[in-house]
Amino acid sequence: MAKTTPGEFVRQVRQEGSKVTWPTPKEAGITSVMVFIMVVIMAVFFLGVDFFLNAGVQYILGLGD
């Protein structure tokens, strides 16, 4: 395997980086908002699952009031 000089490596990285289709600021903003919404939805879902599993285990073990 041929060794690459640091200068050649940087040139290759810049060349590959120019091939990437970068998102526009609007696309990045919309994607960020969608990720935040999905995180909130999943947090609420797992909060509910945790609550019902906890209630079920406490009922089975007879720890409920």
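One can find the structure itself at the top, above this paragraph.
Along each chain, numbering runs from 1 in the same order as the chain's sequence is written. Predicted model: local features are reported for residues with pLDDT of at least 70 only, side-chain atom pairs are reported and counted for 80 or more only, and whole-chain, interface and lining totals are derived from all residues. Side-chain numbers come from the whole structure's heavy atoms, not from hydrogens or water.

A. Quick look at the overall build of the protein chain. Only DSSP runs of H or I with at least four residues qualify as helices, and only runs of E with at least two residues qualify as strands; both kinds are numbered from the N terminus onward. What the protein chain contains, in helices and strands, is two helices and zero strands. Throughout, radius of gyration means the C-alpha value; the globule benchmark is 2.2 Å times the number of residues raised to the power 0.38. Its C-alpha radius of gyration of 25 Å places the protein chain more than 25% over the 11 Å reference for a compact globule of 65 residues. Within the protein chain, the fraction of its 65 residues that count as buried is 0%. Approximately 6,400 Å² of the protein chain is accessible, and the part contributed by carbon and sulfur atoms is 72%. Under this rule, positive means Lys or Arg and negative means Asp or Glu; His and the chain ends count for nothing. To locate a charge, take atom NZ for lysine, CZ for arginine, CG for aspartate or CD for glutamate. With 5 positive and 5 negative side-chain charges, the protein chain shows a spacing of 23 Å between the two charge centroids. Relative accessible area decides the class of each residue, using a 1.4 Å probe on protein chains only: under 20% of the type maximum gives buried, over 50% gives exposed, and in between gives partly exposed. Throughout, the Shrake-Rupley method with a 1.4 Å probe supplies accessible areas, and for residues the shown protein chains are the sole cover considered.

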